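# Coordinates in review
Listed below are the residues making up each chain.
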Amino acid sequence: MLSESSAAVVTATLPVVRAHGEEITGRFYPRMFAAHPELLNLFNRGNQATGQQKAALAAAVVSYAEHLTGTGDAPWGPILDRIAHKHASLGITATSYTIVGRHLMGAIGEVLGDAVTPEVAAAWDEVYWLLACELIAREARLYTEAGLADGESVWRDWRVTEVTTEATDVRSFTLAPVDGGAVPDFVPGQYVSVAVDLDGGLGQQIRQYSLSGRPGAPQWRITVKRVRGEDGAPDGTVSTFLHERVAVGDTLRLSPPFGEVSAVAGDGPLLLVSAGIGLTPAMSALEHLAETAPERPVVLVHADRDGAAHAHRDALPRLYDRLPNLRLKLWYEQTSDGDELDALTAEVSSGRVDPELIPISPDAHVHLCGPLPFMNQIRGGLLRRGVPVERIAYEVFGPGMLRGGV
Ligand SMILES: Cc1cc2nc3c(=O)[nH]c(=O)nc-3n(C[C@H](O)[C@H](O)[C@H](O)COP(=O)(O)OP(=O)(O)OC[C@H]3O[C@@H](n4cnc5c(N)ncnc54)[C@H](O)[C@@H]3O)c2cc1C
Ligand code: HEM
């Protein structure tokens, strides 16, 4: 709870902080990196360059202030979970909150100038620390649940045991722990952070990849789409590195599995809807159900450019045999002769997914994963068809649950 005096000050200054939110967080990062260059390796440079990171931070702080002052309706529990899981996968510690807090308050002062009286500064500092304490507590719980001792690093070396080309520009990497220890369990839908050391002294970069294999398998698998730069933008840093530089026998640093979104929620009918590389949580879900609940009714709806771009397509006939109540509906923007082979197991349509044609049981749990516009469209369609909002879970492959989110 915000103190009464701070609540009044925050309510009065919220419009100006909201209006300058991204300017503030835009000043915050350079300030913090100048004072703490060691933190550069922790942050995603792609999200820095595209502005998504400053937007995500500004949206989080502003909407938390709205929540505290009773002026916003953002669903705070899920948002805190999302941030805490992401932070935990990066190994963020309580001590770094002091650094972030100091530079965020400094950036507020830089942007708003004289408007930041000592009273205003104290009120926003209170907002920051209430939010920080909630995140620190959640992250501490996640580290404990992951079996990490106090202060233990999240990073562990994994050896690449297999690299498989799954489709155009998509490869899977199978991984075993170098120390020979246990392979942690996970829930389909969870992801790991992968840290790579870039060539040419460019330092470390970290990205998240959903586990695409079966929980309980002796090794982990991630499936990575190589990101090609479009309209003059550079190629994706880490996905290109993984595709070009990582081979069998190499080691990668991985975090334990984190992620608040389950792709196998409930125990009744399940609808998995994915597009492009967003199919990785769904593949893990199908592999898991084939092993643990083969009778469960499942519909997989998947959208892709064409059959050649559709990763893990070869696994579908095997899964179809093992899951008697699995229905497969594929939408390819362009279909070709080869795709019709799938007619044995899957219904293949041309064009984009039509939410009206998705087979849905009234009591199904839904998991969506794909680009935001795709998820928005599907979610809108399912809501119109009466699927309760709380039954629809979704995974965003980037920051910004609060921005343009579904
Ligand atoms: C929870 C989660 C799960 C995920 N699971 C998967 C998965 O299973 N499989 C998978 O393939 N991916 C997954 N991702 C996405 C993955 O983490 C990476 O975001 C993805 O691989 C791209 O990373 P990159 O380093 O290759 O690209 P980046 O270097 O991060 O670039 C990303 C985009 O930003 C653009 N960009 C970069 N710099 C600039 C600039 N200066 N100007 C303009 N544009 C720029 C690039 O062109 C590119 O389009 C997941 C993400 C999350 C958050
Ligand atoms: C109250 C304080 C903080 C808030 C409100 C906050 C908010 C956020 C948000 C909203 C995201 C995006 C989550 C998503 O993927 O949707 C994020 C990611 C991240 N945060 Fe924080 N954060 C805070 C503190 C910290 C601290 C102390 C650090 C460590 C120095 C940190 C480092 C990161 C990193 C490295 C990412 C991933 C960046 C990326 O992938 O682009 N954060 N944070």
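Not measured: the values here are computed from a predicted model.

### Notes on the sheet that holds strand β10 (residues 346-350)
Spatially, β10-β9-β8-β7-β11-β12 is the arrangement adopted by the six strands of the open sheet, whose pairing is parallel. At either end of the open sheet lies a strand with only one pairing partner, and these are β10 and β12 (392-395). With strand direction ignored, the average angle separating the axes of adjacent strands in the sheet is 15°. As paired elements, strand β8 (residues 298-304) and strand β9 (residues 326-332) share seven bridges and run parallel to each other. Of the residues in β9, the one forming a bridge with V298 is L326. Against the sheet, helix α11 (residues 372-384) touches β7 (270-275), β8, β11 (365-369) and β12, its axis set at about 160° to β11.

### Points about the site of ligand 1
With respect to spatial proximity, 25 residues lie near ligand 1, and among them Q208, Y209, P234, V238 and S239 are the closest. In the environment of ligand 1, a nitrogen atom lies 3.2 Å from a nitrogen or oxygen atom belonging to the backbone of S210. For ligand 1, the protein covers 80% of the area, taking 970 Å² as the surface of the free molecule. Breaking the shell around ligand 1 down by element, the ones donating at least two residues are α3 (45-50), β4 (204-210), β5 (220-225) and α8 (237-245). For the shell around ligand 1, the leading source of residues is β4, giving four residues.

### Quick look at the domain arrangement of the protein chain
Looking at the protein chain, the domain boundaries give domain 1 (4-145), domain 2 (156-254) and domain 3 (270-395). Contacts between the two partners involve 19 residues from domain 2 and, on the opposite side, 16 residues from domain 3. For the pairing of domain 2 and domain 3, the buried interface totals around 1300 Å² over both sides, and the portion due to carbon and sulfur atoms is 58%. Its largest share of buried area at the contact with domain 3, domain 2 owes to T168, P188 and R214, together 30% of the area lost on that side. Where domain 2 meets domain 3, there are one salt bridge. Between domain 2 and domain 3 we count four residue pairs in polar contact (both at pLDDT 80 or more) in total. Sorting elements by how many residues they give to the side of domain 2 that touches domain 3 places β5 first, with four residues. Counted by class, the side of domain 2 that touches domain 3 contains eight nonpolar, seven polar and four charged residues.

### Brief notes about empty space enclosed by the protein
Tallied over the entire structure, the rule returns two cavities of 30 Å³ or more. Put simply, the largest cavity is a space of about 70 Å³. Forming the boundary of the largest cavity are V17, G21, I24, T25, L57, A58, V61, V62, L104 and I108. Elements with a contribution of two residues or more to the lining of the largest cavity: α2 (21-35), α4 (52-68) and α6 (95-112). Size it by volume and the second largest cavity reaches roughly 30 Å³. For the second largest cavity, the full set of lining residues is V61, L104, M105, I108, W124 and Y128. Breaking the lining of the second largest cavity down by element, the ones donating at least two residues are α6 and α7 (118-145). At three residues, the largest contribution of residues to the lining of the second largest cavity is made by α6. Among the residues forming the lining of the second largest cavity, the class breakdown is six nonpolar, no polar and no charged.

### Let's talk about unusual backbone geometry
Non-glycine residue D169 carries a positive phi angle of around 65°. Note that D169 resides in the loop between β1 (156-167) and β2 (170-177). Although it is not a glycine, H312 adopts a positive phi angle of roughly 65°. By the element assignment, H312 lies in the loop between β8 and α10 (316-322).

### Focus on the side chain of R207
In this structure, R207 sits in strand β4. In this structure the side chain of R207 is engaged in a polar contact, spanning 3.4 Å, whose partner is the side chain of N44. Within the structure, R207 has its side chain in polar contact with the side chain of Q205 (distance 3.0 Å). The contact partners of R207, leaving out residues within four places of it in the chain, are N44, R45, G46, V192, S193, V194, T237 and V238.

### Side note on the pairing of β7
Of all the six residues making up β7, six are buried; the element is thus mostly covered by neighbouring parts of the structure. Burial along β7 is two-sided: L270, L272 and S274 and L271, V273 and A275, pointing in opposite directions, are all buried. Bridging between β7 and β8 involves six bridges; their strand directions are parallel. Residue pairing across strands places L270 opposite V298, the latter belonging to β8.

### Description of the pattern of salt bridges
For the coordinates displayed, the defined rule picks out 17 salt bridges. D179 is the salt-bridge partner of R156, the closest N and O atoms lying 3.0 Å from each other. Here D179 lies in the loop between β2 and β3 (191-197) and R156 lies in strand β1, a separation of 23 residues in the sequence. In this structure, a network of salt bridges that share partners links the residues E23, R27, R31 and E110.

Quick notes on the rules
Throughout this description, residue numbers start from 1 for each chain and increase along the sequence as written. Written order decides the labels, with chains lettered from A and ligands numbered from 1. Restriction of local features to residues with pLDDT of at least 70 applies here, the model being predicted, together with a cutoff of 80 or more for giving and counting side-chain atom pairs; totals for whole chains, interfaces and linings are based on all residues. Processing note: side-chain calculations cover all non-hydrogen atoms of the structure and skip hydrogens and water entirely. Pairs of strands are assigned from DSSP output, requiring at least two bridges between the strands. Each helix is a run of DSSP H or I of at least 4 residues and each strand a run of E of at least 2, with the numbering of both proceeding from the N terminus. Only the stretch in contact is used when fitting a helix axis, every axis being a line fitted to C-alpha atoms; angles between N-to-C directions are given from 0 to 180 degrees. Residue contacts are counted whenever heavy atoms from the two residues lie within 4.5 Å of one another. Only a single heavy atom is needed: when it lies within 4 Å of a molecule or strand, its residue is near that molecule or strand. Pairing of N or O atoms within 3.5 Å defines a polar contact, subject to two protein rules: one partner must be a possible hydrogen donor and the other a possible acceptor, and residues neighboring in sequence count only if both atoms are side-chain atoms. Only the protein chains shown count as covering a residue, and every accessible area follows the Shrake-Rupley method with a 1.4 Å probe. An automatic or database domain assignment provides the domain bounds reported here. A 1.4 Å probe defines the accessible area here, and the buried area is the portion of it lost by two parts on being joined, summed over both. A carboxyl oxygen of Asp or Glu within 4 Å of a side-chain nitrogen of Lys or Arg is what we treat as a salt bridge. Ten residue types, Ala, Val, Leu, Ile, Met, Phe, Trp, Tyr, Cys and Pro, are classed as nonpolar, four, Asp, Glu, Lys and Arg, as charged, and the remainder, Gly among them, as polar. Two kinds of site are reported from a 1 Å grid over the protein atoms alone, namely cavities, where a 1.4 Å probe fits but cannot get out, and pockets, open sets with protein on both sides within 12 Å along at least five of seven lines, and residues are called lining when an atom falls within 4 Å of a point. Grid points are joined across faces, edges and corners, and a volume is the space filled by probe spheres set on the points. Between buried and exposed lies partly exposed: a residue is buried under 20% and exposed over 50% of the maximum accessible area for its type, with that area taken using a 1.4 Å probe on protein chains only.

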